[in-house]
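Given next are the chains, with one letter for each unit.
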Amino acid sequence: MRTAVELSWRLLRGGGRRSMVGSLLTLAAVAVSTGLLLFAVGANHAFLQRAHADAWRHPGDSVANPTAIEALSTDYVQGEPVTIIDLAALNGDAPVPPGMSRFPEPGEVWTSPALAHLMKDLPADQLAKRFPSPSGTLGRDALVHPGELVAVIGRTAGDPATTARRDVVEHLGATGGPSRIDRFETDASWSADVYLLLAGLASVLMVVPLLVFGGAAARLTVARRDSRLAALRLVGATPGQVVAITTAEAVLTAAAGALAGLVLYAASVPLLTHITIAGGGWFAGDLWPGPPLLAGVLAAVPLLVGASAVIGLRRVVVSPLGVARRETPPGMRAVRILALAAVVIAFGVAGGGLIDMGRAGMIVLMVFLVLAFLAINFAGPWVVALIGRLTAATARRPARLLAGRRLVDDPRSAWRTVAGVALTGFVAGFLALLNAGPSSGGPPDELRVAVPYERSAAVAGQAEKRLAGIDANVSVKRTETRDDPLDADGPVTTTGVVTVTAPGGTAAVDRARTALTGLVPGKVVTTGADEDVTGDRLLADLRTGALTVLVVSFLIAITSAGITSASAVLDRRQAYAMLRLAGTPLSVLDRARRQETLIPLVVMGGGSLLTGLFFGLPFAQGFGFSGLIGLAAFVVLGFGGILGAGALSRPLLRSVTADPAPRPD
Amino acid sequence: MTEPVLLGRGLVKRFGTAVALDGVDLAAGRAEAVAIMGPSGSGKSTLLHCLAGIMKPDAGEVHLLGQRIDTLGERRRSALRRGRFGFVFQFGQLLPELPAVENVALPLMLSGTSRREAVQAAGSWFGPLGLDGLEHRRPGELSGGQAQRVAIARALVPRPAVVFADEPTGALDQSTGHDTMRLLVEATKHNGASLVVVTHDPSVAAWCDRVTEVRDGRVLQRAA
């Protein structure tokens, strides 16, 4: 093995400028792959950290020997949610909340830095007066993201705020309890679970093309070496020696690339913290996977690249002469498309029942998505080859003919370039048109709180008193709701909705909110828009997530296009040089290279985007095209980037065709 | 010799301080085959590149059918190479992705001929060059001799005035090289084109009407 490493090192150093270019391309590809892989892993880690930071606020079930009472509610300021956790100690063993040095005393309020900041910035009658004077600042362990608005309020056990039941809207993660607890929850809440699931899905969308791309990078090294290795094989090197030499070379290059990828990721983290999900950016620390995961990624990348190199070498080892001659590649089998059809049919049969299966259904859905993803990845090259055949068959100009033939020649390489965009395009297209609909819950200046009807007049009276001096009208609406909506003859609850109209915009509404704080213990007066915040946010987050994955896919496509086109120039340098000598304009060669990427990108990437848009059309409410404009911007930048990356190898093309006497190596 | 189709006069080419061509004259008449012979580094390939408009000589003139071409810009020289010259190299000149017939049709398509006509014209060269049935094979599926014959077809398909061949049999065994040279000379002459062959192999030069020997950038002698 030592001989293999030494020989590889010599080959790497002594391979000449072009060989070095090949190695540098591999290194760059591995660096980008590693950087993006760390992003995928880091994002999951960050969501997990958020889930941990969020878990303690959601009161669990009451226990037999409680030490504290915990309740959760959500207030709003400037339309943004403020998470309020009411805590009361039952004895001296009350657990210390995360991010705090001790359990809060009755009458104390601990605020997040962002809330403290806002309390100072806004007039006191809009926010600060809702709370007692702050006694402490919550540490980051208590916070989901740096800009989060959180208040922990200390109460006595008998305080109405710690005894009044919260509305049961726990599925939105906005309220909960009060519960008699002996420890804080550590399991992810329902809403955090949704984000974890989506993050996992996004990672699958990013990681699979990354691995394919990383593997391709490894094979690029092999491609650079194959003729020389075939020569080694011909002079009697054993298959084992050939494999060892190339694998060592690929692993050495990949190890350097992985380290470069780590640096790349480190440099990107400050930018990544600004991606807004669930109402805020990220703690930089959360985006760093722990040391074991980090070490795992850095070790796994060179190993995977090595494994991929071994697979790429199989042909050299099996047939030393095979690589020296360019033969017609075996046609792609239609079974590739059949596999995709099988997954689609299976989903059609089983998909409908998944919703009723709860969490198990979600897992099956994930499995289906992964299978569909793999099937599309499996079918992709077949489709690219088909596009290539059609392009070649219908080409009238030489550039298009060359592009079509090249797609047929190596459809996998073209697919690798466009795979990510094609796979993400549908989701991004679908989500781009989805807009938050108009608020379903009434005008934005109308605050409401629901109480038993018999208490509503008294509550309205108190509200009017509190609102003295503020331009606001108080009214009561009587509503009847069935306890069980499906049981037409079941019991009916009569509710009085105390409605406060505070015209004058956000400031007026916030003044009214502040005046009405604690009006009904355990309840917060809210507008219709407040109730939509979580849903709107989830939709916005889905779109942000899809666009992030699309951006990553475009980055993979851009790097892949750059590397593929550069390696194609190196692979075909003799033919290019000869064509150039024979008077072929450089522009024709360039156009052929461009079309080789652009045709599958437009057909598959553009096709999947448009399909997504088409499917999203029925759900587009009010045709707010802001999402579409964002998507269009990404697509234009992405396509431009891919063409730009391809154009980067134009000087390389010029340099290989400028040599008036091309010789093999 | 009839009126020369290609004429190089007093050609000088330097690379830094090294003199590759030092006042070389060379002419090729219609349907005439001229060999340029010489050892490695003698300047024979540089001479071919200057005559074919690939390089500009530092001094001297190159004329094609009476028109001076060495003073033309790169774009016009490229167009000239595409339409009026054909090239056959030692190897590596065929695009591996294209089937043989499309490799041959490519120069015509580059000059604006429709694909259908270009492929039709290309196909007509396969029979005379003994390539029948190989139209849809890719270069990797052809033998060395077959690939060179495809390259000859490609050089001749635009009906060039001059075909330049740089060591056209260098990668072939003697027997295949012999057949390839015969086909190259016959097909070129049949087409009415001049042939300029650069070689260090006397048996290749023997196929030509005249041999110009180059040594240290100068013409040594002319043999019939």
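Higher on the page you've got the structure.
Within each chain, residue numbers correspond to sequence positions counted from 1 in written order. Each chain takes a letter, starting from A, and each ligand takes a number, starting from 1, following the order in which they are written. Local features are withheld for residues below a pLDDT of 70 in this predicted model, meaning they are given only at 70 or higher, and side-chain atom pairs are given and counted only at 80 or more; totals for whole chains, interfaces and linings count all residues. With hydrogens and water set aside, each side-chain value is computed from the structure's full complement of heavy atoms.

Caption draft 1: Representation of the overall build of chain B. Helices and strands together make up the secondary structure of chain B, namely 7 helices and 10 strands. Only the C-alpha atoms count toward the radius of gyration. The rule for a globule is 2.2 Å times the residue count to the power 0.38. Over its C-alpha trace chain B gives a radius of gyration of 17 Å, about what one expects of a compact globule, namely 17 Å for 224 residues. Taking the principal axes of its C-alpha atoms as reference, chain B extends roughly 50 × 40 × 35 Å. The contact criterion used throughout is that any non-hydrogen atoms of two residues lie within 4.5 Å. Pairs at least 24 residues apart make up 68% of the contacts formed inside chain B by residues separated by at least 6 positions. Summed over all atoms, the accessible surface of chain B reaches about 9,100 Å², with 48% contributed by carbon and sulfur. For chain B, the distance from the average position of its 26 positive side-chain charges to the average position of its 23 negative side-chain charges is 6 Å. Each helix is a run of DSSP H or I of at least 4 residues and each strand a run of E of at least 2, with the numbering of both proceeding from the N terminus. Here the accessible surface of atoms and residues is derived via Shrake-Rupley with a 1.4 Å probe, and residues count as covered only by protein chains that are part of the display. Neither His nor the chain termini are counted; the positive set is Lys and Arg, and the negative set is Asp and Glu. The location of each charge is read from NZ of Lys, CZ of Arg, CG of Asp or CD of Glu.

Caption draft 2: Inspection of the sheet that holds strand S1 (residues 4-15) of chain B at higher detail. All names here are of chain B. Pairs of strands are assigned from DSSP output, requiring at least two bridges between the strands. The strand order across the open sheet formed by 4 strands is S2-S1-S4-S5, and the pairing between neighbours is antiparallel. At either margin of the open sheet sits one strand with a lone partner, and together these are strand S2 (18-29) and strand S5 (67-68). The pairing of S1 with strand S4 (residues 59-64) spans 5 bridges and is antiparallel. Looking across to S4, one finds that Arg9 is bridged to Glu61.

Caption draft 3: Highlighting the interface of chain B and chain A. Across the boundary between the two partners, chain B contributes 31 residues, which contact 33 residues of chain A. We define buried area as the total accessible area lost by two parts upon association, computed with a 1.4 Å probe and summed across both. Interface of chain B and chain A: buried area, both sides summed, is about 2,800 Å²; carbon and sulfur atoms make up 59% of it. Looking at the side of chain B facing chain A, the largest losses of area belong to Glu97, Arg115 and Arg138 of chain B, adding up to 22% of the total buried there. The working definition used for a salt bridge is a side-chain nitrogen of Lys or Arg within 4 Å of a carboxyl oxygen of Asp or Glu. Our count for the contact surface shared by chain B and chain A stands at 4 salt bridges. For Glu102 of chain B, the salt bridge goes to Arg405 of chain A, with nearest N and O atoms at 2.4 Å. Any N or O atom pair separated by 3.5 Å or less is treated as a polar contact, with the protein-specific requirement of one donor-capable and one acceptor-capable atom, and with residues adjacent in sequence counted only for side-chain atom pairs. Counting across the interface, chain B meets chain A through 7 residue pairs in polar contact (both at pLDDT 80 or more). Each residue gets one label: Ala, Val, Leu, Ile, Met, Phe, Trp, Tyr, Cys and Pro are nonpolar, Asp, Glu, Lys and Arg are charged, and the others, such as Gly, are polar. Of the residues that constitute the side of chain B that touches chain A, the class distribution is 15 nonpolar, 6 polar and 10 charged.

Caption draft 4: Just a nonpolar patch on the surface, in detail. Note on patches: the residues involved have over 30% relative accessible area and no salt bridge, like charges join within 9 Å, and the nonpolar side chains Val, Leu, Ile, Met, Phe, Trp and Tyr join within 5 Å. On the surface, Ile363, Val367, Leu371 and Leu374 of chain A cluster together to form a nonpolar patch covering roughly 350 Å² of accessible area. With respect to the helices, strands and loops of the structure, Val367 of chain A is situated in helix H9 (residues 358-394).

Caption draft 5: The arrangement of the packing of helix H11 (residues 411-432) of chain A against helix H14 (residues 528-571) of chain A in detail. Residues and elements named next belong to chain A. Convention adopted: a line fitted to C-alpha atoms gives each axis, helices being fitted over their contacting stretch, and angles between N-to-C directions are expressed from 0 to 180 degrees. Between H11 and H14, whose axes approach to 8 Å, the crossing angle comes to 165 degrees. It follows from the interaxial angle that H11 and H14 lie roughly antiparallel. Where H11 crosses over H14, the two elements pack in a sense that is left-handed. Within the contact between the two elements, H11 uses Ser413, Arg416, Thr417, Gly420, Val421, Thr424, Gly425, Val427, Ala428, Leu431 and Ala432 and H14 uses Leu542, Arg543, Ala546, Val549, Leu550, Ser553, Phe554, Ala557, Ser560, Ala561 and Thr564. Classifying every residue of the contact of H11 with H14 gives 12 nonpolar, 8 polar and 2 charged. Here is the rule for angles: anything less than 35 degrees is roughly parallel, anything more than 145 is roughly antiparallel, 65 through 115 is roughly perpendicular, and the remaining ranges are oblique. The crossing is said to be left-handed when, going from far helix to near helix, the turn is anticlockwise and less than a right angle, and right-handed when the turn is clockwise.

Caption draft 6: Molecular detail of helix H15 (residues 573-581) of chain A. Residue and element names in this part refer to chain A. Whether a residue is buried, partly exposed or exposed follows from its accessible area with a 1.4 Å probe, protein chains only, as a fraction of its type maximum: under 20%, in between, or over 50%, in that order. Counting buried positions over the 9 residues of H15 gives 8, a clear majority of the element. Turning to H15, its buried residues number three or more, namely Arg573, Ala575, Tyr576, Ala577, Met578, Leu579, Arg580 and Leu581. Among the residues trailing H15, Gly583 stands out with phi positive, at a value near 95 degrees.

Caption draft 7: Structural context of the state of the cysteines. All names here are of chain B. Here, the term disulfide refers to a pair of cysteine sulfur atoms separated by no more than 2.5 Å. A full pass over the atoms with the stated rule returns 0 disulfides over all chains. In this structure Cys50 is a free cysteine whose sulfur lies 20 Å from that of Cys208, the closest cysteine sulfur available. Take Cys50: its relative accessible area is 2%, and that puts it in the buried class. For Cys208, a relative accessible area of 9% corresponds to the buried category.

Caption draft 8: Region of the structure containing the side chain of Lys13 of chain B. All names here are of chain B. Position of Lys13 among the secondary structure elements: in strand S1. Side-chain polar atoms of Lys13 contact the backbone oxygen of Lys56, separated by 3.0 Å. When sequence neighbours within four positions are dropped, the list of residues in contact with Lys13 reads Ala18, Val19, Ala20, Leu21, Thr46, Cys50, Met55, Lys56, Pro57 and Asp58.

Caption draft 9: Focus on the nonpolar core. To form a nonpolar core, buried Ala, Val, Leu, Ile, Met, Phe, Trp, Tyr and Cys residues must be joined to one another through side-chain atoms within 4.5 Å. Membership of the largest hydrophobic core comes to 66 residues, with the highest contact counts inside it found for Val88, Leu129, Val163, Leu184 and Leu195 of chain B. Examining the composition of this core, we find that 8 residues originate from one element, helix H3 (residues 100-110) of chain B, more than from any other. Those residues in contact with Leu195 of chain B that lie beyond four places of it in its chain are Glu32, Ala33, Val34, Val163, Ala165, Leu184, Val185 and Thr188 of chain B. Formed by 38 residues, the second largest nonpolar core is a distinct cluster that contains Leu36, Val41, Ala258 and Val549 of chain A.

Caption draft 10: The arrangement of the sheet that holds strand S9 (residues 492-501) of chain A in detail. Residue and element names in this part refer to chain A. Read across the open sheet, the 3 strands follow the order S7-S9-S8; overall the sheet is antiparallel. Because the sheet does not close on itself, it has two edges, and the strands there are strand S7 (446-452) and strand S8 (473-482). The average angle at which neighbouring strand axes cross in this sheet is 25 degrees, direction not considered. Summarising the sheet, S7 and S9 pair through 7 bridges and their orientation is antiparallel. What sits directly across from Arg448, in S9, is Thr499.

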